[in-house]
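Here's the letter readout for the chains.
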Amino acid sequence: MVNTVDYIIAGGGISGLLLANEMANSSWFDNKQILIIDQFVKSTNDRTICYWSKDQLAPDYVSKSWKHFNFYNYEGEHKLLDTDPYEYCMIRSADFYNHVHYKIDQKSNITLITDKIIDLVEMDDGMVLKTEESNSYKCKHLFKSFITDELDFTKDHHVLQHFKGIFIETEESCFDPNHIHFMDFRTDQSPGTCFFYVLPTSDRHALVELAVFSDEVWEDINYDKTIEAYISAHLTQSKYSIQETEFGVIPMTTYNFSAHDTKRITNIGTSGGTVKPSSGYSYTRSLRHCKAICQALISGKEPQIAQRIFSKKYKWFDQVFLNVILSNKLSGAEVFDQLFAGTKAERILSFLNEDLSLLEDIAILKSPKKVPFIRAALEEIF
Ligand SMILES: Cc1cc2nc3c(=O)[nH]c(=O)nc-3n(C[C@H](O)[C@H](O)[C@H](O)COP(=O)(O)OP(=O)(O)OC[C@H]3O[C@@H](n4cnc5c(N)ncnc54)[C@H](O)[C@@H]3O)c2cc1C
C-alpha cells in the first residue's frame with residue numbers, strides 16, 4: 001500500500017528539521033500532511049553548529065553565545081574584536097534535534113519515521129519513495145536534504161573543508177569563557193589553509209576545532225597531532241581529557257546545486273547549495289532558505305523559487321574569493337588576514353552573513369593587497 005501525504009522531507013538532519021520547524025510554526029500547514037524520513041534516530045550530539053546572529057532573542061536551543069573574539073594571523077599577530085551587533089551562537093545538535101522533535105510531536109499533521117530511502121521516482125502527479133523496510137510513500141512535493149545524483153565539480157571552483165573538533169576538560173582553569181578564538185592561523189599552512197576555532201564554555205571546558213581547506217581529507221592521526229600541538233603551544237600546559245569529538249567534511253564550491261531541483265523535488269541543506277562557498281557556514285543560509293520555501297508555498301508559488309534569496313552578488317563574491325585561494329593568488333591565511341586588517345569586525349561579519357549593501361560590500365574588498373582580488377574579479381567576469 002502507498003501512503004500518500006502532501007510533503008515529504010527526506011532527511012531529518014539540520015535542514016530537514018529547520019524546514020519542519022518552520023512548517024510547524026505556520027498554521028497554513030496545519031491541514032497539510034507532512035512526513036519526515038531519516039535513516040537514523042537523530043538525538044546525539046553529532047555536530048556543533050555555530051552561526052553569527054543579530055537577533056535579540058536567541059532560540060531556546062542555542063547553548064552559548066559570545067560577543068568578543070580573538071583573531072590571530074599566521075605570524076601570530078593578534079586582534080581582540082567586539083562582535084556587536086552580532087553574537088556568535090553555538091547550537092549542540094542534540095539540543096536542536098530534541099527541540100524540533102518535541103515540537104513536531106505536538107503536531108498531529110507532522111510525522112517523523114526512521115527508515116532509509118532507497119528509491120525515488122518522479123511521476124506527473126507527484127513523487128513516489130521506496131524505503132529499506134519495503135514501505136512506499138507518495139507526495140506532491142519532496143524536500144530532499146541528501147545528495148543522490150553524481151556531482152561533477154570539474155567546471156566549478158571546488159575544495160573540501162574538513163575539520164575535527166574535540167571538547168576538552170582541563171585540570172586547571174585556563175579559558176576565558178567570554179572570548180572565543182575565531183580563526184587562529186598559528187599552525188602550519190603548508191598542507192592547505194588551516195586554522196583553529198576555540199569555543200570555551202567555562203574556564204575549564206572548550207571546543208577546540210581544526211579546519212582545513214584542501215582536496216583530500218587527512219588521516220585521523222594528523223588532525224589529532226595538529227590539535228595536540230596547538231593546544232600545548234597556544235592554549236594550555238594543563239592536563240586535559242577529551243569528552244567528545246566531531247568530524248565533518250563540507251564542499252566549498254560554486255557548483256549550482258539547484259540545477260538538480262525538478263518540478264517535484266526541491267533540494268535543501270548542503271544538497272540545496274546552502275553551504276556558503278567561501279566560508280563553509282550553512283546554518284543561516286539554510287534557515288533563510290527554509291523560511292523562503294514556506295513563504296513560497298503559502299503564497300501559492302513553486303518552492304524552487306526560494307533559491308532566489310541567494311543573491312547573484314554574493315555568488316560572485318564567493319567565486320572571486322575561491323578563485324584567489326584556489327589559484328594561489330593569496331593563501332587562505334593571507335586572505336583572512338587582509339580582511340581583518342583593513343575592516344571593522346561588524347562589517348566583516350555582515351559581509352560573511354550576506355547582510356551588506358553593494359557599496360559596503362565593495363568597501364570590504366579595499367584591503368591592502370588589492371591586486372589579487374582585482375585579477376580574480378576580472379577572471380570571473382571574462
Ligand atoms: C561536525 C560538523 C560541524 C559543523 N559545524 C557547522 C557550523 O558550526 N556552522 C554551520 O553553519 N555549519 C556547520 N556544519 C555544516 C552544516 O551546517 C551541517 O553539515 C548540516 O548538518 C547540514 O545540514 P543538512 O540538512 O544538509 O545535512 P544533515 O544534517 O547531514 O542531514 C541529512 C540527513 O539525511 C539523512 N539521510 C541521508 N541519506 C538518507 C537516506 N537514504 N534515507 C533517509 N535519510 C537519509 C541523514 O541521516 C541526515 O540526518 C557542520 C557540519 C558538521 C558535519
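Residues numbered from 1 in each chain as written. Predicted model: local features only at pLDDT ≥ 70, side-chain atom pairs only at ≥ 80, totals over all residues.

**Q** Is there a simple way to explain the overall build of the protein in this structure?
**A** Looking only at helices and strands, one finds 9 helices and 17 strands in the protein. Whereas a compact globule of 382 residues would reach a radius of gyration of roughly 21 Å, the protein reaches 21 Å, a difference of no more than 12%. Counting all 382 residues of the protein, 41% fall into the buried class. For the protein, the share of sequence-separated contacts (at least 6 apart) that also reach a separation of at least 24 residues comes to 72%. (Helix = DSSP H or I, 4+ residues; strand = E, 2+ residues; numbered from the N terminus. Rg over C-alpha atoms; globule rule 2.2 N^0.38 Å. Buried ≥ 20, exposed ≤ 12 C-beta atoms within 10 Å, placed from the backbone. Contact = placed C-beta atoms within 7 Å.)

**Q** Looking at this model, I keep getting lost on the sheet that holds strand β13 (residues 179-184). Mind explaining?
**A** Hydrogen bonding along the main chain pairs the strands of a sheet, whether they run parallel or antiparallel. Reading across from one edge, β6-β5-β13-β14-β15-β12-β16 is the order of the 7 strands in this open sheet, with mixed pairing throughout. For this open sheet the edge positions go to β6 (78-82) and β16 (240-253), each flanked by a neighbour on one side alone. On average, each strand axis in the sheet is tilted by 20° relative to the strand beside it, whichever way the strands run. Against the sheet, helix α6 (residues 332-342) contacts β5 (68-72), β6, β13, β14 (193-200) and β15 (205-214), and its axis sits at roughly 55° relative to β14. (Pairing = 2+ DSSP bridges. Axes fitted to C-alpha atoms, helices over the stretch in contact; angles between N-to-C directions.)

**Q** In this structure, what is going on with the environment of E244? I would like to understand it.
**A** In this fold, E244 is placed in strand β16. The sequence separation of E244 and F182 amounts to 62 residues, and the corresponding C-alpha distance is 20 Å. Contact partners of E244, with chain neighbours within four places excluded, come to N45 and F167.

**Q** Looking at this structure, I do not really get helix α9 (residues 371-381). What am I missing?
**A** Owing to its 3.6 residues per turn, the α-helix brings residues three or four apart onto one side. The set of residues buried in α9 consists of P372, F373 and A376. The buried residues of α9 occupy an angular sector of 95° when projected down its axis, which confines them to one face. Facing away from the buried side of α9 by more than 90 degrees, the exposed set consists of V371, L378 and I381. For α9, the elements touching its buried residues are α5 (312-326). (Arc of directions from axis to C-beta.)

**Q** What's the story with the site of the ligand in this structure? I'm lost.
**A** G11, G13, S15, G248 and G269 are the nearest of the 28 residues found near the ligand. Of all the secondary-structure elements, those providing two or more residues to the shell around the ligand are α1 (14-25), β2 (34-38), β3 (48-53) and β16. The dominant element in the shell around the ligand, judged by the number of residues it contributes, is β3, at 4 residues. Taken together, the residues of the shell around the ligand break down into 11 nonpolar, 12 polar and 5 charged. Looking at the shell around the ligand, you find at least three residues from each of domain 1 (2-45 + 93-151 + 255-309) and domain 2 (158-252). (Near = placed C-beta within 6 Å. Nonpolar A, V, L, I, M, F, W, Y, C, P; charged D, E, K, R; others polar. Domains from an automatic or database assignment.)

**Q** Sorry, what's going on with the domain arrangement of the protein here?
**A** Reports of interface size often rely on the accessible area that becomes lost once the parts have come together. Each domain of the protein was delimited in the assignment, giving domain 1 (2-45 + 93-151 + 255-309), domain 2 (158-252) and domain 3 (312-381). Relative to domain 2, the C-alpha centre of domain 1 lies at a distance of 32 Å. Split into classes, the residues belonging to the side of domain 1 that touches domain 2 amount to 3 nonpolar, 2 polar and no charged.

**Q** What exactly am I supposed to notice about unusual backbone geometry here?
**A** Leaving glycine out, the prevailing phi sign among residues is negative, and the prevailing peptide bond configuration is trans. Here the amide bond leading from D84 into P85 is cis, since omega sits at 5°, within 30 degrees of zero. Following the sequence through the fold, P85 ends up in the loop between β6 and β7 (87-92). Despite not being glycine, S134 shows a phi value in the positive range, around 60°. Checked against the element boundaries, S134 lands in the loop between β10 (126-131) and β11 (136-144). On the neighbour-count criterion, S134 (8 C-beta atoms within 10 Å) is exposed. A positive phi angle, close to 55°, is found at N328, a residue other than glycine. Along the chain, the position of N328 falls in the loop between α5 and α6.

**Q** Any chance you could explain the sheet that holds β3 here in plain terms?
**A** Ordered by their spatial adjacency, 3 strands build an open sheet running β3-β7-β4, and the pairing between neighbours is antiparallel. In this open sheet, the two edge strands, each paired with only one partner strand, are β3 and β4 (62-66). In this sheet, neighbouring strand axes are inclined to one another by 25° on average, regardless of whether the strands run parallel or antiparallel. As paired elements, β3 and β7 share 6 bridges and run antiparallel to each other. By the bridge assignment for β7, C50 is matched with M90.

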